[in-house]
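A closer look at the structure
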Amino acid sequence: MNRLHGIQYLRAFAALGVVVFHAAERTGGHFAVGAAGVDVFFVISGFIMWVLSQRKPTTPARFLRDRLERIAPVYWIATGVMVAGALAGLFPNMKLTLGHVFGSLFFVPHRSPSNGEIWPVLVQGWTLNYEMFFYAVFAGCLLLPSRMRLAALASIFIVLAGFGLIWTSSNPVFATYTDPIILEFLIGAFIGKLWLEGRIPRPATGAGLIVVSLLGFAFVGATYIGFGPLSFGPLAAALLIGVLAMEKGGALRHIRPITYLGDSSYSIYLWHTMAISVVAKLAPMLSIPAAPAMVLAVVAGVAVGVGAYEMLEKPIGAAFKGFRSSDQTRWPLPRSSGASSGGA
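In this text the structure is predicted, and so the values were computed from the model without any measurement. (Residues numbered from 1 in each chain as written. Predicted model: local features only at pLDDT ≥ 70, side-chain atom pairs only at ≥ 80, totals over all residues. Heavy atoms only, no water.)

**Here we look at the overall build of the protein chain**
Of the regular secondary structure elements, the protein chain holds 13 helices and 0 strands. Since a compact globule built from 344 residues should have a radius of gyration of about 20 Å, the 20 Å found for the protein chain is in line with a globular shape. C-alpha extents for the protein chain along the principal axes are approximately 60 × 50 × 45 Å. In the protein chain, the proportion of contacts linking residues at least 24 apart, taken out of those at least 6 apart, comes to 77%. Entry remark: accessible area of the protein chain is about 16,500 Å², with carbon and sulfur atoms responsible for 68%. (Helix = DSSP H or I, 4+ residues; strand = E, 2+ residues; numbered from the N terminus. Rg over C-alpha atoms; globule rule 2.2 N^0.38 Å. Contact = heavy atoms within 4.5 Å. Areas by Shrake-Rupley, 256 points an atom, 1.4 Å probe, with all protein chains shown as cover.)

Below, the structure written as structure tokens:
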């Protein structure tokens, strides 16, 4: 399967939505619906993992290794920067404990000693706790025959979400892994199945789904009615199906700058809040009005993320790729039929 540019476009706009959300929050603006970028990311993640696992069979151990190599190193560096800044007194409101730091590094949900929220040291890393949990469950499902995997994944996530709807708990692990937001990964996996079976609608229907999705996001963002994963998940699913339909029908052009932002979306997501915090502190000192300060914060957040992508994420990824290539040269692996999907 050729690279899906539409997936990269969605990743770019999801990351920008989160950046604008945080920039507005810190500069006195309002763009709460930008937080739904996370929901779009989760649906995309479920889609990509399903398509990759079906197109390029792998073992659970190799799947987890690949995911850790992709996610962990840059996140650990960003977390290390936050810890160093806190120890240096740059973040006076941040309290650190060993349990919280180690929980952050190893993707274990933990309540922040600063405010009691279930947040890691790098706040936006809360989404990675969900991602890594999804990867762990998905890896377990890879032990099953292919025809049983999606049913097993669905059973596990639906049961967990059901527990979350029935019982409430202050335990951060229980509260995290029974949140209905986990169903968004499952939705993405089902869309991946539809894609591989060729059951994606025509471009005209896809365009309609995109319009409905965007109007839905706008409505929820303006009214707060249904604000959360039970609304954002289906809207993100409609958006993804719509984009896939447009791409399948050849209705999407390749726009390199947006593709590049999609490529760098993970680094933008991880690093943008640091730049936004700097702008938010400088703006009042320099008498910068709220609207220009928000724009400046967005630009700074994206710029820092792109810089991190070029200086950290790409070199680290290349290093792991080189290591895997040399390892496979020493220990030849069986060849696997099928192509891989881009955008993972």
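Alright, that's what it looks like, and here's the rest.
**Thoughts on the packing of helix H2 (residues 37-55) against helix H10 (residues 229-248)**
Packing of H2 against H10 brings their axes to within 8 Å, and their N-to-C directions diverge by 55 degrees. When the axis of H2 is compared with that of H10, the two are oblique. Crossing geometry of H2 relative to H10 is assigned as right-handed. The segment H2 lies against H10, with Asp39, Val40, Val43 and Phe47 engaging Pro229, Phe232, Gly233, Ala236, Ala237, Leu239, Leu240 and Leu244. (Axes fitted to C-alpha atoms, helices over the stretch in contact; angles between N-to-C directions. Parallel < 35°, antiparallel > 145°, perpendicular 65-115°, else oblique. Left-handed = near helix turned anticlockwise from the far one by under 90°.)

**A short note on unusual backbone geometry**
Positive phi outside glycine occurs at phenylalanine 107, with the angle close to 60 degrees. Structurally, phenylalanine 107 can be placed in the loop between helix H4 (98-105) and helix H5 (126-141). Of note, tyrosine 224 is a non-glycine position whose phi angle comes to about 65 degrees, a positive value. Mapping tyrosine 224 onto the fold places it in the loop between helix H9 (203-223) and H10. You can call tyrosine 224 partly exposed: its relative accessible area is 42%. (Buried < 20%, exposed > 50% of the residue type's maximum accessible area, 1.4 Å probe, protein only.)

**Quick notes on the pattern of salt bridges**
Across all of its chains, the model carries 6 salt bridges by this definition. Its salt-bridge partner being glutamate 197, residue arginine 199 comes within 2.7 Å of it at the nearest N-O pair. By relative accessible area, arginine 199 is classed as exposed at 53%. With a closest N to O distance of 3.3 Å, lysine 314 and glutamate 310 form a salt bridge. Placement of both lysine 314 and glutamate 310 in helix H13 (residues 290-330) is noted, with a separation of 4 residues, approximately one turn of the helix. Accessibility expressed as a relative area gives 35% for glutamate 310, which makes it partly exposed. (Salt bridge = Lys/Arg side-chain N within 4 Å of Asp/Glu carboxyl O.)

**Overview of the side chain of serine 213**
Topologically, serine 213 is positioned in helix H9. A relative accessible area of 0% means that serine 213 is categorised as buried. Other than its neighbours up to four places away in sequence, serine 213 contacts Leu235, Ala238 and Leu239.

**Let's talk about the packing of aromatic side chains**
The final tally for this structure, using the stated rule, is 21 aromatic pairs. Note on phenylalanine 63 and tyrosine 135: the rings are 6.1 Å apart at their centroids and 85 degrees apart in plane angle, and the pair reads as edge-to-face. Separated by 72 residues along the polypeptide, phenylalanine 63 in helix H3 (residues 60-87) and tyrosine 135 in helix H5 bring together distant segments of the chain. Judged by its relative accessible area of 7%, phenylalanine 63 is buried. Here the aromatic rings of tyrosine 224 and phenylalanine 227 are separated by 5.0 Å at their centres, their planes lie at 20 degrees, and the arrangement is stacked. You can call phenylalanine 227 partly exposed: its relative accessible area is 32%. Taken together through their ring pairs, the aromatic side chains of Phe42, Trp50, Phe63, Trp126, Tyr130, Phe133, Phe134, Tyr135, Phe138, Phe157, Tyr177 and Phe185 make up a single cluster. Positioned above the aromatic ring of tyrosine 135, the side-chain terminus of arginine 67 is 5.6 Å from the ring centre. (Phe/Tyr/Trp six-rings, centres within 6.5 Å; stacked < 30°, edge-to-face > 60°. Lys NZ or Arg CZ within 6 Å of the ring centre and 35° of its normal.)

**Here we look at the nonpolar core**
Phe47, Leu153, Phe157, Phe217, Leu244 and Leu270 are the most contacted members of the largest nonpolar core, which totals 91 residues. It is H2 that contributes the most residues to this core, 12 residues altogether. When near neighbours in sequence (up to four residues on either side) are disregarded, leucine 244 contacts Leu4, Ile7, Phe47, Ile191, Trp195 and Ile200. (Core = buried A, V, L, I, M, F, W, Y, C linked by side-chain atoms within 4.5 Å.)

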